Amino acid sequence: MFFAHVDSRGFRLHSRIPFPLDIIGSRYEHVLMKLLGMMTDAEWIYRHRLSYWAVDKLANQVVIPLIHGEVMTPREIEHMVYRLEGEGHTMALGICECRHGENNMEQGLVDGCDPNYTCVMIGDWGKGHLYTYPQHYRHTTAGELAERARFWHDRGCVLTGWGCNTIHGFLASYCHCRPDHCVPLRNQIKRGNKVFYHGYNYAVVEPGPCVGPAECSFNCLSHCYFGAIEEREGKAFVDPSRCYGCGQCFVHCPTGASRAVRREDYEMPYCAPDLLR
Ligand code: SF4
Ligand code: SF4
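The shown structure was predicted, so the numbers you read here are calculated from the model rather than taken from an experiment.

## What to know about the environment of K34
Here is step 1 of the chain: One can find K34 in helix α2 (residues 19-41).
Here is step 2 of the chain: Distance in space between the C-alpha atoms of K34 and R99 is 8.5 Å, their sequence separation being 65 residues.
Here is step 3 of the chain: Those residues in contact with K34 that lie beyond four places of it in its chain are G101 and E102.

## Regarding unusual backbone geometry
Here is step 1 of the chain: Backbone geometry places F218, a non-glycine residue, at a positive phi of 55°.
Here is step 2 of the chain: Note that F218 resides in the loop between β8 (201-205) and α10 (219-223).
Here is step 3 of the chain: Exposure remark for F218: the 15 C-beta atoms within 10 Å place this residue in the partly exposed category.
Here is step 4 of the chain: A positive phi angle, close to 50°, is found at E233, a residue other than glycine.

## Points about the site of ligand 1
Here is step 1 of the chain: Taken together, 13 residues sit near ligand 1, with A203, C224, C243, C246 and C249 positioned nearest.
Here is step 2 of the chain: For the shell around ligand 1, the per-class residue count stands at 10 nonpolar, 3 polar and no charged.

## A closer look at helix α8 (residues 142-154)
Here is step 1 of the chain: A rise of 1.5 Å per residue sets the reference length of α8, with its 13 residues, at 18 Å; its end C-alpha atoms lie 18 Å apart and thus fit the reference within 8%.
Here is step 2 of the chain: Taken residue by residue, α8 has L145, R148, A149, W152 and H153 as its buried positions. For α8, the buried positions fall inside an angular range of 125° around the axis, keeping them on one side.
Here is step 3 of the chain: Taken together, the buried residues of α8 touch α5 (74-86), β2 (91-95), β3 (117-122), β5 (158-162), β6 (173-177) and α11 (248-252).

## Description of the confidence of the model for the chain
Here is step 1 of the chain: Put simply, the chain has an average pLDDT of 84, and 86% of its residues get 70 or more.
Here is step 2 of the chain: Here helix α1 (residues 2-5) is the element of the chain with the lowest mean pLDDT, 35, and strand β10 (residues 235-238) is the one with the highest, 96.
Here is step 3 of the chain: When the criterion is pLDDT under 50, residues 1-15 qualifies, and its contacts beyond four places in sequence or with other chains add up to 40 contacts.
Here is step 4 of the chain: Here residues 165-169 is a poorly scored stretch, pLDDT under 50, and it has 19 contacts once near neighbours within four places are set aside; other chains count.

Rules used in this analysis
Residues numbered from 1 in each chain as written. Chains lettered and ligands numbered in written order. Predicted model: local features only at pLDDT ≥ 70, side-chain atom pairs only at ≥ 80, totals over all residues. Helix = DSSP H or I, 4+ residues; strand = E, 2+ residues; numbered from the N terminus. Contact = placed C-beta atoms within 7 Å. Buried ≥ 20, exposed ≤ 12 C-beta atoms within 10 Å, placed from the backbone. Near = placed C-beta within 6 Å. Nonpolar A, V, L, I, M, F, W, Y, C, P; charged D, E, K, R; others polar. Expected span 1.5 Å × (residues − 1). Arc of directions from axis to C-beta. pLDDT = per-residue confidence, 0-100.

Below is the structure:
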C-alpha cells in the first residue's frame, strides 16, 4: 500500500506494484491505522517534549510523505468512478480501515447505507482487499458509489482521495471521512499535521443571502472541520487559504449563501484534472 501512495512532490511511481504487495498491504492496513490512531489520540505523547518530537518526525517525515490525501467533491467522485468503471477497473467497497483498526466492526443501515462501508479501494489495491477480506469487501458499481458519495457528503463526511495508483498514476482509494472515525482527518484537526491537500475549489459566502451565524445557529462555522470560517461584521467569511473545499458549509447553509470557486493554476497531486472533468 505504501508503494501505491508514493506519488508525492516529485517522486512519481509509474510501474505496477507486484500484486503480492497489494495482498500484504491490504491485510495489515488496519494495523497501521490502529497505530496512527494511538499516536493521534494519546495525550501523554504531546505532554512530553521527546515523545512529541519523535512522533512529529515520524508523522511528517515518514508517514505523511507516503500516505497523503486530498479533498474531493461528490461530482468529482462521480466522474471518477464512472470513468474507472468504463475502463474496467476493480472498485471494492468495504469496511472503513480506521474502524477496522479499532475493531469497531458494527454494521447496520442508516437510511439504506451501512455507516461502516465507507472505504473504496481501486484497481489492484481493491483486488487485494477483495482477496484478503472477502467478508468485509465486495465489488461495487459506479452508480452505487456516486449515490453513496452524495449520501455521505450530505451527512457530514469529507470525501478524500488517497495516493497514486497503478491505474494511470491515479488514486489507490477514496473514503468518506468524519473526524469521529477517520484517523487522518482527526490527526489534521487535533495535531495540525497537513494530511490532506486542498481540493480544486474553495468556498465563498455571499453576504446578501447570508443571514449571519447568530441567526442560523452558527451552522457553517460549526460544520467546517478545518476552521476556515469566521464571523465578520455579522456575516460568515471564508479564508480561502484555510478552506479545503470539502463542501460541508454548502450542505449546512439554510439559505444557500455559499458557493464554490475553482482555484486558479492548481492541480491536485493525485487526481488528474482530466479524470475529474
Ligand atoms: S469553508 Fe466550507 S468548503 Fe471550506 S473547508 Fe470549511 S466547510 Fe469545507
Ligand atoms: S450557514 Fe449560511 S446563512 Fe448561516 S452564517 Fe453560514 S453562510 Fe451565513
